[in-house]
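Understanding the architecture of this molecule
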Amino acid sequence: MEKLDRATHVLQEDAEKGTVQIADEVVAIIAGMAATEVKGVASMAGNIKNELVAKMGMKSLSKGVKVEVTDTDVKVDLTLILKFEANILAVSGAVQEKVKSAIESMTGMNVSEVNVRVAGVDVSSLEEVVESLLKEKGLLRERSYSAAVPYIMEDIDEETRIKRARVPVAFSRGVQQQ
């Protein structure tokens, strides 16, 4: 694979058909999209540059992805935010396999490394669990839902296997006191 400049690589040269080139950004997009398809991944985490670009209205499809493409292989670094109850090792392993497979099958390039960094946990799924338990128990109403915490703590431990769960105070809805 011949390198044309720092961001584009020749995948194939054919005297009859012509040349096929690929940009590093394309490899990064493939990696990011493959990673977000794995169950347990909430989103990709970006750096300050990605966040500024997003605030200006431009969406980077390679957010949270860094690729290094050489003549012999591809190395990928991913930064992820996982869903609250995701098994970090299982999800990370699935992401590594999915990203490697996607890049190799789509480009023909050899992927030598897929490094995963978990930068955060999305707790919105915990809020959904708490809200559904409150609805199930008929406690979701108009008052502060902190009154429902004693009623649902046992269920949270039992149903979601969360030990010493802390209930987020982010709900705008409340609960009916009993």
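Provided above is the structure to which this section pertains.
Our subject in this report is the structure included herewith. These figures come from a predicted structure and were not determined experimentally.

Regarding the environment of V67
By the secondary structure assignment, V67 is in strand β5 (residues 65–69). C-alpha of V67 to C-alpha of D24: the two residues are 43 residues apart in sequence and 6.8 Å apart in space. Apart from the residues lying within four places of it in its own chain, the contact partners of V67 are D24, V27, A28, K75 and V76.

What to know about the packing of helix α1 (residues 24–36) against helix α3 (residues 88–107)
Two elements in contact, α1 and α3, have axes whose closest approach is 8 Å; the angle formed by their N-to-C orientations is 140°. Considering their axes alone, α1 and α3 lie oblique with respect to each other. Regarding α1 and α3, the two cross each other, and that crossing is right-handed. Here V27, I30, A31, A34 and A35 of α1 lie close against α3, whose contacting residues are V95, K98, V99, A102, I103, M106 and T107. Tallied by class, residues from the contact of α1 with α3 come to ten nonpolar, one polar and one charged.

Examining the nonpolar core
Among the nonpolar cores identified, the biggest contains 26 residues, and V76, L78, V95 and V99 are the most heavily contacted of them. Where this core is concerned, the elements lending two or more residues are α1, β4 (41–44), β5, β6 (74–83), α3 and β7 (111–122). Broken down by element, the residue count for this core peaks at six residues, all from α1.

Re α3
Helix length check: α3 (20 residues) gives 28 Å between terminal C-alpha atoms against 28 Å at 1.5 Å per residue, within 8%. Against β2 (8–14), β3 (18–23), α1, β4, β6 and β7 lie the buried residues of α3. Its side-chain oxygen 3.1 Å from the backbone nitrogen of L89, N87 forms the N-cap of α3. Of the residues flanking the end of α3, it is G108, one or two places downstream, whose phi is positive at about 80°.

Some thoughts on the pattern of salt bridges
Applying the stated criterion across every chain yields a total of two salt bridges. For K98, the salt bridge is made with E37, and the minimal N-O distance between the two is 3.1 Å. Pair noted here: K98 is in helix α3 and E37 is in the loop between α1 and β4, with a separation of 61 residues, a long-range link. We classify K98 as partly exposed; its relative accessible area is 35%. Salt-bridge contacts for E104 lead to K100; the nearest nitrogen and oxygen are separated by 2.8 Å. Linking E104 with K100, this pair stays in helix α3, spanning four residues, or about one helical turn.

Remarks on the pairing of β5
Taken residue by residue, a regular strand's side chains alternate between the two faces of the sheet. Burial along β5 is one-sided: V65, V67 and V69 are buried, while K66 and E68, pointing the other way, are not. Inspection of the sheet shows β5 paired to β6 by five bridges, in the antiparallel sense. Paired with K66 across the two strands is D77, which belongs to β6. Where β5 hands over to β6, the hairpin turn is made up of four residues, counted between the paired strands.

Reading the values: rules and limits
- Residues numbered from 1 in each chain as written.
- Predicted model: local features only at pLDDT ≥ 70, side-chain atom pairs only at ≥ 80, totals over all residues.
- Heavy atoms only, no water.
- Helix = DSSP H or I, 4+ residues; strand = E, 2+ residues; numbered from the N terminus.
- Contact = heavy atoms within 4.5 Å.
- Axes fitted to C-alpha atoms, helices over the stretch in contact; angles between N-to-C directions.
- Parallel < 35°, antiparallel > 145°, perpendicular 65-115°, else oblique.
- Left-handed = near helix turned anticlockwise from the far one by under 90°.
- Nonpolar A, V, L, I, M, F, W, Y, C, P; charged D, E, K, R; others polar.
- Core = buried A, V, L, I, M, F, W, Y, C linked by side-chain atoms within 4.5 Å.
- Buried < 20%, exposed > 50% of the residue type's maximum accessible area, 1.4 Å probe, protein only.
- Expected span 1.5 Å × (residues − 1).
- Polar contact = N/O pair within 3.5 Å; in protein donor to acceptor, adjacent residues only side chain to side chain.
- Salt bridge = Lys/Arg side-chain N within 4 Å of Asp/Glu carboxyl O.
- Pairing = 2+ DSSP bridges.

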